[in-house]
Amino acid sequence: MTAAAAASWLPLSPGERSVAIEVLVHGPLSRAELARRLDLSAGSLTRLTKPLIESGLLVEVPEAGGPGEARQGRPSQPLDVVAESRSFLGFKITEDMVYGVVTSLRSDIVARLDRPLTTHDPGEVVDLLAGMTAELAARFPALAGIGIGVGGLVQDRAVVGESPFLKWRDVPLAELVGARTGLPVVVENDFAALVEAETWFGAGRGLDRFVVLTIGAGFGYGLVLGGKRVRYAEEDRGFGHHWIVDPHGPLTPHGERGSVVSLLTIPGIRYQIRAATGRDAAYEEILARAAEGEPMSVRVLDEAARALGTLVGQIANLVMPRKIVLAGEGVGLMDVAGAAVWETVRAHRHPLAAPVVLETKVSDFHDWARGAAVLAIQVLVLGAVED
């Protein structure tokens, strides 16, 4: 499918968009169930679904049930999307790598392609992205669009206003990549894209209120209310440097004393070990040493675990989410010091409070790239934009 064919689905009316999203995220759905979910009459639903079926975005599928199952009345074929009919590219740009994935319309990853990033020059990064796109397009000629996730401030889903990792300011990345590839491009903050993916297709699907936390090279906090990600002014600007969970905690170059960034991020933890021992150590090495009982590693990770427990307890008390999703390359902390995390969570909760649902997701940067592809699905296929 060409970009022009994908664009032919648009623009969708608000009603058509609601139907398409409901089927994409929760389908296959019978017409009766779809009408109930969206509070539509049968006639209104027929009017809205007809152009979606004619365009090929929705399709009627056989009704579930065994071949011998008796049915009364006229059978109603459920509506679904053909997930394999459209493919999307998602890229996650880090300081030293570009991670790429190809996904289906339902964001299932069907291919991966990674390349080292040896320069931060915008023109050369665009060259790399264009080359990766060409390589993947040769295998998946039905590419409908590209999503790119970048750490930092992104404006209008097109311009990287500021990226501390890449040292970029005001780079029109969507325009540059689109000109080289001939495909429509959406650019977004990488964490925002990850939250959108968890909302539509991941751990938060079907939940009206949940939180996503990530710990790794940095710290991310995302709140979803009413099934939509809440945007806030400090987003993408590293506000975790000022989220204090222990005013007597460590001071690092990465955040204020006792902040979640100083205590919980991989750079913060590595800095503490280096300051105490005089030698550098990889995060995985620190985890392994703590598991073996090495005192300094145990102390630093125990402090990090109690910071995480405090953070989870605070969020549970204030937001009352139905679930907190913990992801990022730093989640190995739970394997080594999970008991301290839960002990601290309980200490910050009322004894009769509902249990905190904390789901830990072992993930890598391909999940972040998948999040960028989900943004492309939302914007380029469905025209779904935030209010």
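A few points on the structure. Counting restarts for each chain, with residues numbered from 1 along the sequence as it is written. This being a predicted model, a pLDDT of at least 70 is required before a residue's local features are given, and a value of 80 or more before pairs of side-chain atoms are given or counted; all residues contribute to the totals for chains, interfaces and linings. Side-chain figures throughout are based on the complete set of non-hydrogen atoms in the structure, without hydrogens or water.

1. With respect to the packing of helix α2 (residues 14–26) against helix α3 (residues 31–38)
Between α2 and α3, the shortest axis-to-axis distance is 11 Å and the interhelical angle comes to 115°. Taken as a pair, α2 and α3 cross one another with a handedness that is right-handed. Contacts between α2 and α3 involve Ser18, Val19, Glu22, Val23 and His26 on the former and, on the latter, Leu34, Arg37 and Leu38. Residue composition of the contact of α2 with α3, grouped by class: four nonpolar, two polar and two charged. Only the stretch in contact is used when a helix axis is fitted, and all axes are lines through C-alpha atoms; the angle between N-to-C directions ranges over 0 to 180 degrees. For helices the rule is a DSSP run of H or I covering at least 4 residues; for strands it is a run of E covering at least 2, with both sets numbered from the N terminus onward. In a left-handed crossing the near helix is turned counterclockwise from the far helix by less than a right angle, and in a right-handed crossing that turn is clockwise. Contacts: residue pairs with any heavy atoms within 4.5 Å of one another. Under the convention adopted here, Pro, Cys and the residues Ala, Val, Leu, Ile, Met, Phe, Trp and Tyr are nonpolar, Asp, Glu, Lys and Arg are charged, and Gly plus all remaining residues are polar.

2. Considering the side chain of Thr310
Residue placement: Thr310 occurs in helix α11 (residues 295–319). For every residue, the accessible area obtained with a 1.4 Å probe (protein chains only) is divided by the maximum for its type, and the residue is called buried under 20%, exposed over 50%, and partly exposed between those limits. Using a relative accessible area of 8% as the deciding quantity, one classes Thr310 as buried. Setting aside its immediate chain neighbours within four residues, Thr310 contacts Val245, Thr344 and His348.

3. Thoughts on the pairing of strand β3 (residues 87–93)
Within β3, seven of the seven residues are buried, leaving the element largely enclosed by the surrounding structure. Here β3 shows a buried face lined by Ser87, Leu89, Phe91 and Ile93 and a second buried face lined by Phe88, Gly90 and Lys92. Summarising the sheet, β3 and strand β6 (residues 143–150) pair through seven bridges and their orientation is parallel. Within the sheet, the bridge partner assigned to Phe88 lies in β6 and is Gly145. For two strands to count as paired, DSSP must find a minimum of two bridges between them.

4. As for the sheet that holds strand β15 (residues 358–360)
Spatially, the five strands line up as an open sheet ordered β13-β12-β11-β14-β15, and their pairing is mixed. In this open sheet, the two strands that pair with only one neighbour each are β13 (228–229) and β15. Those strands touched by helix α7 (residues 190–200) are β11 (209–215), β12 (219–225) and β13, and its axis lies near 135° from that of β11.

5. Quick look at the packing of helix α10 (residues 283–292) against α11
Remark: α10 packs on α11, axes separated minimally by 8 Å, with the N-to-C direction vectors making an angle of 105°. Taken together, the axes of α10 and α11 are roughly perpendicular relative to one another. Contacts from Ile286, Leu287, Arg289 and Ala290 of α10 reach α11 at Ser297, Val298 and Leu301. The residue inventory of the contact of α10 with α11, partitioned by class, reads five nonpolar, one polar and one charged. Should an angle fall under 35 degrees it is taken as roughly parallel, and over 145 as roughly antiparallel, whereas 65 to 115 is taken as roughly perpendicular and any remaining angle as oblique.

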